[in-house]
Amino acid sequence: NSGKLSDASPVGSISSAEIANEFSGLSAEEQTAQREEWSQELARVEEEITTLRTVLQSKMRHASELKRKLGITVWKEITDDVSQGIKNVKESNVYQKTESAIKTTAGKTTSVIGGIAGKMTQKLTEMKQSDSFRSFEERVGSAYENVRSKVSSRSSSVQSLSDIQNDERRSSVTTPTAIPEEKPIP
């Protein structure tokens, strides 16, 4: 009977109705025997699970000890995992297609920007060669020369004024003042 139950459907998808139908054809003693069999099987499975967990924990401790002896740290494992993940992403078709599209777009953008820069250079050259720009350039140059000449003439006149003052000081120091002879010296 237990063979029928496990063959009928996978565990977890057995409904209460199916169990009730299977038990309805059994006597009370057979139902008790079936329950006892299932309880024993459950106990064995739980014992195996406990044993497997113990073995797994032991293996994990042994692996940790070997990693420690080899100098493999948690940080190294994480960085290796991240590196491997990045490598996997870069090797994926989606990444390859995206990278190709980005390179194509960048190339087109560069050529468009280069074209715009070339046109701007051409327009500036044309503007420099125009009569109105030359006239403006001449006016600015003329204004610059006027300002420069006025600044240099003021500079020289300031220098001349300081030269005159220095000359006056020298002459006053070198020329003795005459003492009138009529007055007695006290």
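Note that the coordinates shown come from a computational prediction; the quantities given were computed from them, not determined experimentally.

(A) Layout of the overall build of the protein. Of regular secondary structure, the protein possesses six helices and zero strands. The buried share of the protein, reckoned over its 186 residues, is 3%. Per element, the accessible surface of the protein, about 16,600 Å² overall, is 59% carbon and sulfur.

(B) The arrangement of the pattern of salt bridges in detail. For the structure on display, the rule yields four salt bridges. Across the salt bridge formed by R148 and E145, the nearest N and O atoms sit 3.5 Å from each other. One end of the pair is R148 and the other is E145, both in helix α6 (residues 131-174) and three residues apart, which spans about a single turn. A relative accessible area of 48% places R148 in the partly exposed class. Among the residues examined, E145 registers a relative accessible area of 41% and is labelled partly exposed.

(C) Fine view of a nonpolar patch on the surface. Taken together, the side chains of V74, W75, I78, V82 and I86 define a hydrophobic patch exposed on the protein surface, amounting to about 540 Å² of accessible area. Structurally, the position occupied by W75 is in helix α4 (residues 74-91). By relative accessible area, which is 63% here, W75 ends up exposed.

(D) Expanded view of the confidence of the model for the protein. Residue-level pLDDT values for the protein average 80, and 75% of them are 70 or greater. Per-element averaging of pLDDT across the protein places helix α1 (residues 2-8) at the bottom with 46 and helix α3 (residues 28-70) at the top with 93. For residues 1-10, every residue scores under 50 in pLDDT, and the model assigns this stretch 12 contacts once sequence neighbours within four places are set aside.

(E) Representation of α3 within the structure. Across its 43 residues, α3 extends 62 Å between first and last C-alpha, which sits within 8% of the 63 Å expected from 1.5 Å per residue. Downstream of α3 by one or two residues, G71 has phi in the positive range, about 80 degrees.

What counts, and at which threshold
- Residues numbered from 1 in each chain as written.
- Predicted model: local features only at pLDDT ≥ 70, side-chain atom pairs only at ≥ 80, totals over all residues.
- Heavy atoms only, no water.
- Helix = DSSP H or I, 4+ residues; strand = E, 2+ residues; numbered from the N terminus.
- Buried < 20%, exposed > 50% of the residue type's maximum accessible area, 1.4 Å probe, protein only.
- Areas by Shrake-Rupley, 256 points an atom, 1.4 Å probe, with all protein chains shown as cover.
- Salt bridge = Lys/Arg side-chain N within 4 Å of Asp/Glu carboxyl O.
- Patch = residues over 30% accessible without salt bridge, like charges linked within 9 Å, V, L, I, M, F, W, Y side chains within 5 Å.
- pLDDT = per-residue confidence, 0-100.
- Contact = heavy atoms within 4.5 Å.
- Expected span 1.5 Å × (residues − 1).

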